[in-house]
Amino acid sequence: MKNTETASSGHPSALPDNYYWFFILYMVALSAFGSFVNDMYTPSLPAMARGFHTSAPVVQLGLSLGMAGLGLGQVILGPVSDKVGRKPVLTWSLILFTVACVVSVFSPTIEFFLVCRFFQGIGASSGYFLGRTMPADVTGGCTLAKMMAIIGAINGVAPASAPVLGGILADWHGWQSVFVVLALMSVALLAFLPRLRESLPPSRRQKGSLWKSFGAYGSLLRNRPFMTHVLLKGAALGLLFAYMSASPFILQEHYGLSQTLFGLVMGFNALFTALGSFLALRFRPLKKAALAGGLLLFVSFAGEAVSLWSIHSFWVFEAWMIPAVFGLGLIFTPANTLAMNEGRADAGTSSAVLGVTGYIFGMIVTPLVGLGDVLHSTAIVFMVLGVLVAVVAYASVRLAPDLDPAEQK
């Protein structure tokens with residue numbers, strides 16, 4: 001579905017001003033939730049490996065299983081939300097997340113903790129995909145692009161603040177305090193949930209059996225423009241997850257940063273992702289932002305790979321990482337917007353495909369960067385995904401006009 005900006009189905013202009021900004025901020029909180037689920041405890045990974053007397057790849061499985069839960073939860077709950085509405089799905093998943101967080105604090109073994117991480121991922125999944133789905137419920141086209149960019153730019157605070165807060169908490173009171181705070185965040189989302197209006201009225205929900213709702217996956221997977229943008233977002237997220245999961249061991253164990261300083265560096269870099277997300281709106285057509293981001297990623301991560309393999313300097317690592325994460329921001333806004341604009345008729349299912357693809361990449365690359373020499377394995381992953389992102393970004397720009405034909409002029 002393209003070029004849809006009708007006010008009749010819930011254009012933002014139809015929302016009262018006082019509710020519009022509440023809606024934006026709540027969507028930011030939902031989108032940020034997925035970032036906090038992973039980013040907030042990454043500074044604790046080396047300490048957890050020592051505490052549980054296990055290796056780095058085993059501890060990194062906590063990231064992989066969290067992503068697996070986020071992915072599986074979206075696959076199941078996306079079509080369910082198209083059938084029963086957004087708020088019931090959000091309510092029960094947040095309750096599950098809260099319980100899984102509290103239980104994980106008392107983990108006696110790494111295996112028990114990994115199981116808890118999987119259920120945390122399922123619980124957090126609805127908030128993560130509904131942060132894209134509900135805006136697509138109420139708007140589309142260029143207006144959706146602006147809303148997604150606002151959410152993406154403000155949401156830069158999440159990956160910026162999550163590792164900082166996580167590092168401070170871990171230094172102060174151990175990794176367990178991170179999951180206590182995550183549980184409190186989930187409770188806060190539940191507390192404000194009654195004010196959030198259902199964005200999918202019964203008249204627009206999927207008719208027939210629940211099984212029929214899952215049938216939307218087939219048509220979406222055959223939609224070439226949709227899947228091109230999905231693959232672009234997924235490959236870019238793969239690079240982000242590779243960077244997130246390898247950085248604690250590179251920055252803390254190789255370069256000697258403390259957990260708090262590590263969090264500050266990660267937070268500083270995340271601000272450039274937010275800047276890229278916002279500046280992507282200046283490109284006409286929007287898909288050109290993805291091409292610029294893809295080329296920037298290819299060059300930056302190639303330089304980063306050389307740095308990791310042979311130079312071994314924190315400052316060189318950081319100099320290449322800043323343009324790299326800026327390029328990620330240039331990709332995220334157009335990939336999210338164009339994919340959701342194509343799939344607005346089944347927004348929950350579309351958002352699930354978009355989300356789970358990223359986590360498939362994440363589950364693959366997270367253990368790979370921990371194999372053998374972390375510096376070398378991370379360099380290889382950076383190079384392979386950098387090439388893939390550049391290729392898919394080029395394929396995206398060759399598609400038919402995206403949001404508004406007037407923008408092609």
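**Things to note about a nonpolar patch on the surface**
Residues F298, V299, W320, M383, V387 and V391 make up a contiguous nonpolar surface patch of about 480 Å² in total accessible area. At the level of elements, helix 13 (287-311) and helix 16 (374-397) are the ones that each hand at least two residues to the nonpolar patch. A per-element tally of the nonpolar patch places helix 16 first, with three residues. Within the secondary structure layout, M383 lies in helix 16.

**With respect to the nonpolar core**
By size, the foremost hydrophobic cluster in this structure holds 100 residues, and its most contacted members are Y26, F113, F179, L196, I250 and L251. Considering each element in turn, this core owes the most residues, 14 residues, to helix 11 (residues 224-254). Excluding anything up to four places from it in sequence, Y26 contacts L90, L189, F192, L193 and L196. A136, M340, V353 and L354 belong to the second-largest nonpolar core, a separate cluster that totals 13 residues.

**As for the packing of aromatic side chains**
Counted according to the given criterion, the structure contains 19 aromatic pairs. Ring plane angle 70° and centroid distance 6.1 Å describe the contact between Y255 and F314, whose orientation is recorded as edge-to-face. Here Y255 is found in the loop between helix 11 and helix 12 (259-279), whereas its partner F314 is found in helix 14 (residues 314-342), with 59 residues between them in sequence. Grouping residues by exposure puts Y255 and F314 together as buried. Residues F268 and F272 carry aromatic rings whose centres are separated by 5.3 Å and whose planes lie at 75° to one another, so their mutual orientation is edge-to-face. Note that F268 and F272 are positioned in helix 12 at a spacing of four residues, about one turn of the helix.

**Some thoughts on unusual backbone geometry**
Located in the positive-phi region is H53, a residue other than glycine, with phi close to 55°. Counting through the fold element by element, H53 comes out in the loop between helix 2 (45-51) and helix 3 (56-84). We note that H312 has phi near 60°; this positive angle belongs to a residue other than glycine. Note that H312 resides in the loop between helix 13 and helix 14.

**Digging into the packing of helix 3 against helix 15 (residues 347-368)**
Packing of helix 3 against helix 15 brings their axes to within 8 Å, and their N-to-C directions diverge by 165°. On the basis of the axis angle, helix 3 is roughly antiparallel to helix 15. Remark: the crossing between helix 3 and helix 15 carries left-handed chirality. Among the residues making up the contact of helix 3 with helix 15, the classes are represented as 12 nonpolar, 12 polar and one charged.

**Description of the environment of G238**
Along the chain, the position of G238 falls in helix 11. Distance from G238 to G362, taken between C-alpha atoms, is 5.0 Å for residues 124 residues apart in sequence. Beyond its immediate chain neighbours, meaning those up to four positions away, G238 contacts F361, V365 and L385.

**A closer look at the pattern of salt bridges**
Applying the stated criterion across every chain, the model contains two salt bridges. R86 is the partner of D82 in a salt bridge, and the nearest nitrogen-oxygen pair spans 2.8 Å. R86 gets classed as buried once you look at its relative accessible area, which sits at 1%. A salt bridge links R86 to D137; the shortest N-O distance between them is 2.8 Å. Here R86, found in helix 4 (residues 86-104), pairs with D137, found in helix 5 (residues 110-138); they are 51 residues apart in sequence, far enough to count as distant. Three or more residues joined by partner-sharing salt bridges are found here, namely D82, R86 and D137.

**Topic: the packing of helix 5 against helix 15**
In the contact formed by helix 5 and helix 15, the axes pass within 9 Å of each other and the chain directions differ by 145°. Crossing geometry of helix 5 relative to helix 15 is assigned as right-handed. Here Y128, F129, R132, T133, A136 and D137 of helix 5 come into contact with helix 15, specifically with A347, G348, S351, L354, G355 and Y359. Among the residues making up the contact of helix 5 with helix 15, the classes are represented as six nonpolar, four polar and two charged.

**Structural notes on helix 4**
For helix 4, with 19 residues, the first-to-last C-alpha span of 27 Å sits near the 27 Å given by 1.5 Å per residue. When helix 4 is considered as a whole, its buried residues turn out to be R86, V89, L90, S93, L94, F97, T98, A100, C101 and S104. As for helix 4, its buried residues are in contact with helix 1 (17-39), helix 3, helix 5, helix 8 (176-192) and helix 15.

**Overview of helix 5**
When the terminal C-alpha atoms of helix 5 are compared, their 43 Å separation across 29 residues agrees well with the 42 Å that a helix rising 1.5 Å per residue should span. Along its length, helix 5 shows its largest kink, about 40°, at L130. Counting buried residues in helix 5 gives 24 out of 29 residues, a clear majority hidden from the surface.

About the cut-offs
Residues numbered from 1 in each chain as written. Predicted model: local features only at pLDDT ≥ 70, side-chain atom pairs only at ≥ 80, totals over all residues. Heavy atoms only, no water. Patch = residues over 30% accessible without salt bridge, like charges linked within 9 Å, V, L, I, M, F, W, Y side chains within 5 Å. Areas by Shrake-Rupley, 256 points an atom, 1.4 Å probe, with all protein chains shown as cover. Salt bridge = Lys/Arg side-chain N within 4 Å of Asp/Glu carboxyl O. Helix = DSSP H or I, 4+ residues; strand = E, 2+ residues; numbered from the N terminus. Core = buried A, V, L, I, M, F, W, Y, C linked by side-chain atoms within 4.5 Å. Buried < 20%, exposed > 50% of the residue type's maximum accessible area, 1.4 Å probe, protein only. Contact = heavy atoms within 4.5 Å. Phe/Tyr/Trp six-rings, centres within 6.5 Å; stacked < 30°, edge-to-face > 60°. Axes fitted to C-alpha atoms, helices over the stretch in contact; angles between N-to-C directions. Parallel < 35°, antiparallel > 145°, perpendicular 65-115°, else oblique. Left-handed = near helix turned anticlockwise from the far one by under 90°. Nonpolar A, V, L, I, M, F, W, Y, C, P; charged D, E, K, R; others polar. Expected span 1.5 Å × (residues − 1). Bend = angle between axes of the 7 residues up to and from the residue.

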